[in-house]
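Read off the chains here:
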Amino acid sequence: MFKNNKLYKLFSGFKKKQIFICVLISVEISVSAYIPFLIRDLINIITYNNNINKVISISEILFIITILHVIILKIENYYWHKLRLESVNYLRLKMFESALVKPKSFFDNKSIGEILAMIMDDTSIAAQNIVIGMPMLFSNIVNLIIVVCVLLSLNVKLTIITLSILPIYIVWFNHLNKTLRKTSKSERENFGMVMKDAEEKLQAVDTIKVFKMESFMTRIFKNKLDSHFKYVKKNLFYNNLGSGLTRLITALLPILILTYGSILITKRQLSLGALIAFYTYMSNIYEPLSNLSDYNLGLQTSLAVSDRIIDFLELNIIKDTGKINISNFKSMEFKDMSFGYEPDKLIFKDFNFKINKGDHVGIVGKSGCGKSTFLKLLLGMYPANRGQILINDIDIRDVNISSLYSMISIQEQVPFIFDGTLEENLVLNSPIKRTFLNKITDAMKVSEIGSFNKKISLSNLSVGQMQRICMARALLKNSEILIFDEPTAALDLNLEKQIQNNLKYLTSDKTVILVTHRTELLKDCNVILDLEYIINSQSEDI
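Overview of the structure. Quantities reported herein were computed from a predicted structural model and do not represent experimental measurements.

What follows concerns the overall build of the chain. What the chain contains, in helices and strands, is 19 helices and 11 strands. In terms of overall size, the chain is more extended than a compact globule, its C-alpha atoms giving a radius of gyration of 34 Å where 542 residues would be expected to give roughly 24 Å. Taken along the three principal axes of its C-alpha coordinates, the chain extends 110 × 55 × 55 Å. Across the 542 residues that make up the chain, the buried fraction comes to 46%. Expressed as a percentage of contacts within the chain between residues at least 6 apart in sequence, the contacts between residues at least 24 apart total 81%. For the chain, the accessible area works out to roughly 28600 Å², and carbon and sulfur atoms hold 59% of it.

This is the structure:
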């Protein structure tokens, strides 16, 4: 419940809209409460007085109030659903923002499928129950109170019979709550595993086709779905138990009321108009009871999901623990540094290496020797297990990471391209002079891809084109440090030579860190770091 309270605080900005809906609800319920008294008077006049003028007068009032009630109800529904959708999008945005500021280690332990399941699916459940929950609870409690007051005004004895069901209702649902919350949490976690499995297989669709594994992979995914469905069935079972009791009450209670009401009429303790008005309006007690049932069951699901959401929002958020801002680059040094993703399995042991301002460093070595890990360490994505990583002779843990990133541009091995225009992908919303933009895009042969206004995405670009866009993007940031990870791996030799010559000219005054298997690119580097040799040397020492 503590975590759920945190989620309520997250939606504090929606209070005014919640209050507005509650006001609409109050007006709508108050208007509808007048209708049964008009029905009672209308039937009594028809039955006992047969006064046509009064019948017409009451019918006109009933007609106007019914239209007014429907109009208010539709306005209420519009704002109700608008608030629901706004709250879901708000929480999705918060979750997405939280994902972007988490350290790299978080993504090593979570699949993208699991994260997407929380961002897109869990948020929908939680936001609707948290934001709509308060107006729903208010609406149904107020509705229940007004319905009871109206029913008491029509007949006290019939109202007592109607209210006698409430203790049964409360005891039953308290019994279901704990079990439903546990099964809901398990179902959400298992759904994340289904998303993970689907993501993995869709990413490897080419391999699956070549190896003709469609049937095999479909069977694996079916097993995942079947496993998830077991949790779905449990939830369905407990939800049906809750809704089943509500339906039983709504089916038996009217029969009981009509039977006892008829007895009261024969004893002249109740008019026919009062009984019909009571019977007609009594159905209004079903809706708040049913809604409170749904709210109660939904709340248990929401509580389970809320735990996952709060854990996600609070887990491993990157904070600038360092207070020292750096405005220019002088050197970066690995000093007796040891690191391993698992403390007892070190990748680097007592590693020493220094990069000075203006160096062009070539990083070489076979796959798996630690090249990507080296880049992640110098970017501060992981802390050293032992020793130090120094920026300008300052421990990287004491450096404000944002100030470090302001000096770095990177072109990653896997190109990052998003749906948008070519220019949007290049400048990333930064103000860049058109002359500089043209200079860089011409040098990286990006202008050959199309105009700046051309819509691009992963589906309409080759890998080589994506690499050129990402290289141009790194250069356009005009940072002191440039990191290129296999920048020309997908380029033909002729194009690679042209870009290499342009890179040499454009980065002459920069510090460049280049990861590559292409020996031709290493000719422009004044420092070569062979990580394969270093790792092998460490293994011999160990």
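Next up on the list: the environment of S447. Looking at where S447 falls in the secondary structure, it is placed in the loop between α16 (434–443) and β8 (455–456). Along the backbone, S447 and L422 are 25 residues apart, and their C-alpha atoms lie at a distance of 9.6 Å. Every residue in contact with S447, bar those within four places of it in the chain, is listed here: T441 and D442.

What follows is about the pattern of salt bridges. The tally for this structure, following the rule as stated, stands at 16 salt bridges. Residue D524 pairs with K504 through a salt bridge whose shortest N-O separation is 3.9 Å. Placement of the pair is D524 in the loop between β10 (511–515) and β11 (527–530) and K504 in helix α18 (residues 493–506), with a sequence separation of 20 residues.

Attention now moves to helix α13 (residues 371–378). With seven of eight residues buried, α13 is to be regarded as a mostly interior element. Among the residues of α13, those classed as buried are K371, T373, F374, L375, K376, L377 and L378. Positive backbone phi, approximately 75°, marks G380, located one or two places after α13.

Below, the discussion takes up the pairing of strand β1 (residues 331–339). Judged by how many residues are buried, β1 sits mostly within the fold: seven of nine residues are covered. Here β1 runs beside strand β2 (residues 348–356); their pairing, made up of six bridges, is antiparallel. The residue bridging F339 from the neighbouring strand is F348, located in β2. When β1 meets strand β4 (residues 386–391), the two strands line up antiparallel, connected through five bridges. Note on β4: the bridge partner recorded for F334 is I389.

Glancing now at the nonpolar core. Counting residues in hydrophobic clusters, the biggest one holds 36 residues, and the most contacted among them are L158, I257 and F278. Ranked by residue count, the leading element in this core is helix α12 (residues 272–314), at eight residues. Of all hydrophobic cores here, the second largest spans 35 residues; its members include M337, I389, I401 and L404.

Reading the values: the criteria
- The residue numbering used here restarts from 1 in each chain and proceeds along that chain's sequence as written.
- Local features are withheld for residues below a pLDDT of 70 in this predicted model, meaning they are given only at 70 or higher, and side-chain atom pairs are given and counted only at 80 or more; totals for whole chains, interfaces and linings count all residues.
- Hydrogens are left out, water is left out, and the side-chain values use all remaining heavy atoms of the structure.
- Each helix corresponds to a stretch of at least 4 residues labelled H or I by DSSP, and each strand to a stretch of at least 2 residues labelled E; elements are numbered beginning at the N terminus.
- As defined in this context, the radius of gyration uses C-alpha atoms, and a globule is described by 2.2 Å times the residue total to the power 0.38.
- Exposure classes here rest on a 1.4 Å probe applied to the protein chains alone. A residue is buried below 20% of its type maximum, exposed above 50%, and partly exposed in between.
- Here, residues are in contact when the closest pair of their heavy atoms is within 4.5 Å.
- Here, Shrake-Rupley sampling with a 1.4 Å probe gives the accessible areas, and only protein chains in the shown set may cover a residue.
- We define a salt bridge as a contact between a side-chain nitrogen of Lys or Arg and a carboxyl oxygen of Asp or Glu at a distance within 4 Å.
- Between any two strands, at least two bridges found by DSSP are needed for them to pair.
- What makes a nonpolar core is a set of buried Ala, Val, Leu, Ile, Met, Phe, Trp, Tyr and Cys residues whose side-chain atoms join them at distances within 4.5 Å.

Geometric values such as these leave the question of function open.
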